[in-house]
Amino acid sequence: MQSFAQSPLGAGTPEVEFGARKMFFMLFLMLGPIKILVPFVTITSNCNPPFRRSMARRAILFSAAALAIAGLLGRTMLENFEISLPVLAMTGGIILFLVALRTILQQSASLPDRPTEPGQPPDLRLALTPLAFPTIVTPYGIAAVIVFATLAGGRNAEGLTVAAIVLLILALDWVAMMFAETILRWIGTSLQVLAVVLGVTQAALGLQVILHSLRMIAW
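Residues numbered from 1 in each chain as written. Predicted model: local features only at pLDDT ≥ 70, side-chain atom pairs only at ≥ 80, totals over all residues. Heavy atoms only, no water.

## Topic: the packing of aromatic side chains
Definition in use: Stacked, tilted and edge-to-face are the three classes applied to pairs of Phe, Tyr and Trp rings, where Trp contributes its six-membered ring and a pair requires centres within 6.5 Å; stacked means planes under 30 degrees apart, edge-to-face means over 60, and tilted covers the rest. Comment: elements are numbered from the N terminus, with helices defined as DSSP H or I runs of at least four residues and strands as E runs of at least two. Only protein chains enter the accessibility calculation, which uses a 1.4 Å probe. A residue is then buried if its area is under 20% of the maximum for its type, exposed if over 50%, and partly exposed in between.
Enumeration over the complete set of coordinates arrives at one aromatic pair. A centroid spacing of 5.8 Å and a plane angle of 35° characterise the contact between Phe24 and Phe28, whose relative ring orientation is tilted. With Phe24 and Phe28 both in helix α1 (residues 20-31) and four residues apart, the pair spans about one turn of that helix. Phe24 sits in the partly exposed class, given a relative accessible area of 26%.

## A look at the pattern of salt bridges
Quick reminder of the rule: A side-chain nitrogen of Lys or Arg and a carboxyl oxygen of Asp or Glu constitute a salt bridge if their distance falls within 4 Å.
Applying the stated criterion to the full structure yields one salt bridge. Here Arg52 and Glu181 are joined by a salt bridge, their closest N and O atoms 2.9 Å apart. Taken together, the residues span a long stretch of sequence, with Arg52 in helix α3 (residues 49-80) and Glu181 in helix α8 (residues 180-218) at a distance of 129 residues.

## Quick word on helix α7 (residues 156-178)
In an α-helix, one turn spans 3.6 residues; hence positions three or four apart end up facing the same way. Going by this rule: What a helix is expected to span follows from its residue count: subtract one and scale by 1.5 Å.
The first and last C-alpha atoms of α7 sit 33 Å apart over 23 residues, in line with the 33 Å expected at 1.5 Å per residue. Buried residues of α7: Glu158, Val162, Ile165, Val166, Ile169, Leu170, Asp173, Ala176 and Met177, and no others.

## What about the packing of helix α4 (residues 85-105) against helix α6 (residues 139-152)?
The condition is simple: Angles here are taken between N-to-C directions and fall from 0 to 180 degrees, while the axes themselves are lines fitted to C-alpha atoms, restricted in helices to the stretch in contact. Note on angle classes: values under 35 degrees are labelled roughly parallel, values over 145 roughly antiparallel, values of 65 to 115 roughly perpendicular, and the remainder oblique. Each crossing gets its handedness from the near helix: less than a right angle anticlockwise from the far helix is left-handed, clockwise is right-handed. Whether two residues touch is decided by their heavy atoms; if any such pair falls within 4.5 Å, the residues are in contact. Residue classes follow a fixed rule: Ala, Val, Leu, Ile, Met, Phe, Trp, Tyr, Cys and Pro count as nonpolar, while Asp, Glu, Lys and Arg count as charged, and any other residue, Gly among them, counts as polar.
The N-to-C vectors of α4 and α6 enclose an angle of 155°; their axes lie 10 Å apart at closest approach. Looking at the two axes, α4 sits roughly antiparallel to α6. Crossing angle aside, the handedness with which α4 passes α6 is left-handed. Taken together, the residues of α6 that come into contact with α4 (itself represented by Leu85, Leu88, Ala89, Thr91, Gly92, Ile95, Val99 and Arg102) are Tyr140, Ala143, Ala144, Val147, Thr150 and Leu151. A breakdown of the residues in the contact of α4 with α6 according to their chemical character gives ten nonpolar, three polar and one charged.

## Description of the packing of α3 against helix α5 (residues 128-136)
Orientation of α3 relative to α5, taken along the N-to-C sense of each, is 50°, at an axis distance of 9 Å. When the axis of α3 is compared with that of α5, the two are oblique. Both α3 and α5 take part in a crossing whose hand is right-handed. Residues Met55, Ala59, Ile60, Phe62 and Ser63 of α3 lie in contact with α5, whose contacting residues are Leu128, Leu131, Ala132 and Ile136. Of the residues assigned to the contact of α3 with α5, the class counts are eight nonpolar, one polar and no charged.

## A short note on the confidence of the model for the protein chain
What counts here: Known as pLDDT, the predictor's confidence for each residue is given on a scale from 0 to 100.
Across the protein chain, pLDDT averages 80, with 83% of residues at or above 70. Here residues 1-16 is a poorly scored stretch, pLDDT under 50, and it has 45 contacts once near neighbours within four places are set aside; other chains count. Taken as a whole, residues 108-118 scores under 50 in pLDDT and shows 17 contacts with residues more than four places along the chain or in a different chain.

Shown next, in the form of structure tokens:
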């Protein structure tokens, strides 16, 4: 995938590139497993392994459906309004920067909004909320998917790349939920440090995309 944002402003105009590797890195912090571990362990603390597997499977299915619907609807709306590619790229850069800044300033993972009472197993409906939304499928994650899907335009290869990256991240989320307690026990602190490192790098990428987009608009 050479470029998602090819400038329509003429030859020699700067381009904002979103390769597959960059896009994976950007979406990993928004939809990835680091922020899921603590809420999932909290929700399923009194549950047996089969129940946990059902909870994780339903959460991933709900998340995939929500992202697919949001991506298609958002892309259609943005294309109908004929928003220019530089503006879309700048929108993506702003989202990346704000999410990265939030990750850096707020290192601790948020707990579920509706914790279950001690001694009582949770209902599988919790797989939809708060586990699938807003823990896995965050509002800014949806916004990023919409922007990337719109930048892909009608190019099938780029659109499939966006879908494949989202599915890969959701698969990593499922694996993380399957081994959540082990992961937190052995590398929980290291994951917090990794989240900050990823946040700093993503903030820099977001600013770079914003600056490139400004050059495209001013060209």
